[in-house]
Every structure is written in C-alpha cells, then in structure tokens.
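Structure assessment
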Amino acid sequence: MSGLGQRVVTGGPTNAEEMIAEARKAFFVMFGFLALVWLLQLANWADHYGLSREYGVVSGDVGRLPDILVAPFLHWSWAHIEGNSGPLFVFGFLAAYRGVARFLGLSLLVALTSGLTVWFLEHGGVDTVGASGLIFGYFGYVVVRGLFDRHLIDTLIGIVMAASFAYTLTLTVPGTPGISWLGHLGGLAGGLVGAWIFRDRRPQPVNADRPGRTTGGGPDPRTRADGSRADLHKELGDLGLL
C-alpha cells in the first residue's frame, strides 16, 4: 500500500453489484412515479382539470401553501404532461441510480424550493402546476453531483448532460410566456444545493507513513532491521570482536 490510508466512501453504492441493484430500484421508482402522474392526469382530465385548479400553487395564498407538494404531480394538458414525461424519467433516473433514499430526499427538497419560489415571488394569482420544477432540480443535481462526490463517471455524465441540455436553461429566463420560469429557477437552485447536501461523505485521508509504522499498523521493517544491526554491533563489541 502507499503511504495514505484507505478512503472510505459512505452514502452510496460501493461496488458494482450494489450499483446495479440501486439502478434497478431507480428504474422502477421512476416508472411508478410516471405511472402515478399519468393516472392523475386521467383523473384530472376527466374532471376538466379541476385537480389543477384546486391543488395548484397560488402565490401568497396561505391555504394553498401545502399544495407545493402536490402540484408537481399535476398538469394542465396532455401536451404539458407529454413534454415533461421524457425529461422527468431521464433526469430522475440519473439522479436516483446511486441511491433511491437520497433521491427521495432530493425530490422533497426540490419540490420545496421550486414551490416556495413560486409561492413567494409569482404575481397575478397564477395557478402553477407541473413536474418541470423537479426536472430542473434533477438536471442541476446530475450536472454537479460528480464534482461534490469526486466520482469520475458522474462527472462525465454531468458534462454530457450539461452540454446536451444547456438550452433548457433558457426556460429560467424571466418573461417566457406561459412558462413558470420561477418554478424552474427554484427547482434548479434546489438541485444544486441538494448535490452538496446529499454528497458522499469522504473522510480526510489518514497519513500512515509515520516513523516506525506501516500502513497496516505494524512496525516498520526498516526500523526493525536498523535496531537488529545496532544490537549485533553492541554484542560483538562486548566480545572484543570489534
């Protein structure tokens, strides 16, 4: 071993088998999530989008504040849900494949940051629903997660996603008609913060190259050898041979 102690990674899968198992769970979690969203869309459509009107986020309305946790599951039209479904599954899976428990915490954080941004800053009594805040949160998380985790594969995934979908950031620009840019911006901020909060905890490497010690914790063979030579010289001197 080198002079540095072993680094211990916590908070995520540590080998290929665990990673495959988490990726499998992530797939089924996202599949179930999308199935729920589409079932709610059917009920919403059958009710002439009454669910969206009743449970959307309305700025400044204290009674609608809890709806920030419900609004991401609802949409205003079939085109709305179709446009969100693909990115939601892709970015959601990439955010979840290293740990479903962490992903659920991230989802709650992003829903809160996106919904609260709309609730505090939106004007005109706009009723806001849709999963796009979550999508932007997952996107931000995936792009920077590898930097915080110091994981090469996740860093490369983040670079590819950033290069491929950078144009989506235009939807966080104020003034885009019919788009909740505040919800997008709040979700993106939540994803970036979540990448730091839910990062892998890596303890500082311990320098085990101290005098008289090896990385395994036993005596240094060099020290043992030097001590043996000194004892031999002493014994030969006492016998008058040196």
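For the structure itself, consult the block above.
Small disclaimer: the values here were computed from a predicted structure and weren't measured.

1. Things to note about the overall build of the protein
Along the backbone of the protein there are eight helices and two strands. With 242 residues in all, the protein has 38% of them scored as buried. When the accessible surface of the protein is summed, it comes to about 13,400 Å², and 69% of that surface belongs to carbon and sulfur atoms.

2. Some words on the packing of aromatic side chains
How two aromatic rings sit relative to each other is set out by the distance from centre to centre and by the angle between their planes. In the structure shown here, the tally under the stated rule is twelve aromatic pairs. Between the aromatic rings of F27 and F28, the centroid separation amounts to 5.5 Å while the plane-to-plane angle is 85°, which identifies the pairing as edge-to-face. Judged by its relative accessible area of 38%, F27 falls in the partly exposed class. Residue classification places F28 among the exposed positions, given a relative accessible area of 54%. Ring centres of F33 and F73 lie 5.2 Å apart, and the angle between their planes is 65°; this geometry places the pair in the edge-to-face category. Within this pair, whereas F33 is found in helix α1 (residues 16-46), its partner F73 is found in the loop between β1 (57-58) and α3 (78-96), the two being separated by 40 residues in sequence. A connected cluster of aromatic rings, assembled from ring pairs, spans F27, F28, F31 and F89. Of note, R199 hangs over the ring of W196, and the distance from its end group to the ring centre comes to 4.3 Å.

3. Topic: the nonpolar core
Soluble globular proteins tend to pack their nonpolar side chains together in the buried interior. In terms of nonpolar packing, the biggest core is built from 32 residues, with F33, L88, A95, L106, L134, Y138 and V142 touching the most fellow members. Counting residues per element, the ones that place at least two in this core are α1, α3, α4 (100-121), α5 (132-149), α6 (152-165) and α7 (181-197). Element by element, the count of residues in this core is highest for α5, at eight residues. In this view, F33 contacts F73, L88, L134 and Y138; residues no more than four positions away in its chain are not counted. Core analysis: the next-biggest nonpolar cluster, separate from the first, contains eight residues, V57, A71, V118 and V129 among them.

4. A few points about the layout of surface pockets
Estimates place the volume of the largest pocket at around 650 Å³. For the largest pocket, the lining is made up of 36 residues, of which H80, N84, S132, G133 and H184 are closest to its centre. At the level of secondary structure, the elements contributing two or more residues to the lining of the largest pocket comprise α3, α4, β2 (127-128), α5 and α7. The dominant element in the lining of the largest pocket, judged by the number of residues it contributes, is α5, at six residues. Looking at the lining of the largest pocket residue by residue, the classes come out as 20 nonpolar, 14 polar and two charged.

5. Details of α5
For α5, which comprises 18 residues, the first-to-last C-alpha distance of 25 Å matches the rise-based estimate of 26 Å (1.5 Å per residue) to within 8%. A large share of α5 lies buried, amounting to 15 of its 18 residues. Note on α5: the residue one or two positions beyond its end, R150, has a positive phi of about 55°.

6. Side note on the packing of α5 against α6
Direction vectors running N to C along α5 and α6 enclose 145°, while the axes themselves pass 7 Å from each other. The way α5 lies across α6 gives a crossing that is left-handed. Between α5 and α6, the contacting residues are F139, V142, V143, R145, G146, L147 and D149 on the first element and D154, T155, I157, G158, M161, A162 and F165 on the second. Among the residues making up the contact of α5 with α6, the classes are represented as eight nonpolar, three polar and three charged.

7. Points about unusual backbone geometry
Backbone geometry at H48 places phi at a positive 55°, although glycine is not the residue there. Relative to the helices and strands, H48 resides in the loop between α1 and α2 (50-55). Positioned with a positive phi, Y49 is a non-glycine residue whose angle comes to about 60°. Position of Y49 relative to the elements: it lies in the loop between α1 and α2. The class of Y49 is buried, set by a relative accessible area of 14%.

8. Regarding α3
Compared with an ideal rise of 1.5 Å per residue, which puts 19 residues at 27 Å, α3 spans 26 Å between its outermost C-alpha atoms and is within 8% of the ideal. Three or more residues of α3 are buried, namely I81, N84, S85, L88, F91, G92, L94, A95 and A96.

9. A word on the packing of α3 against α4
One can describe the packing of α3 onto α4 by two numbers: an axis separation of 8 Å at closest approach and a directional angle of 125°. Classified by the angle between their axes, α3 and α4 sit oblique to one another. Of the residues in α4, those touching α3 at G92, A95 and A96 are V100, F103 and L106. Broken down by class, the residue content of the contact of α3 with α4 amounts to five nonpolar, one polar and no charged.

Rules of the game
Residues numbered from 1 in each chain as written. Predicted model: local features only at pLDDT ≥ 70, side-chain atom pairs only at ≥ 80, totals over all residues. Heavy atoms only, no water. Helix = DSSP H or I, 4+ residues; strand = E, 2+ residues; numbered from the N terminus. Buried < 20%, exposed > 50% of the residue type's maximum accessible area, 1.4 Å probe, protein only. Areas by Shrake-Rupley, 256 points an atom, 1.4 Å probe, with all protein chains shown as cover. Phe/Tyr/Trp six-rings, centres within 6.5 Å; stacked < 30°, edge-to-face > 60°. Lys NZ or Arg CZ within 6 Å of the ring centre and 35° of its normal. Core = buried A, V, L, I, M, F, W, Y, C linked by side-chain atoms within 4.5 Å. Contact = heavy atoms within 4.5 Å. 1 Å grid on protein atoms, 1.4 Å probe; cavity = no way out; pocket = protein on both sides within 12 Å on 5 of 7 lines; lining within 4 Å. Points joined across faces, edges and corners; volume = space filled by probe spheres on them. Nonpolar A, V, L, I, M, F, W, Y, C, P; charged D, E, K, R; others polar. Expected span 1.5 Å × (residues − 1). Axes fitted to C-alpha atoms, helices over the stretch in contact; angles between N-to-C directions. Left-handed = near helix turned anticlockwise from the far one by under 90°. Parallel < 35°, antiparallel > 145°, perpendicular 65-115°, else oblique.

These figures come from the coordinates and say nothing about function on their own.
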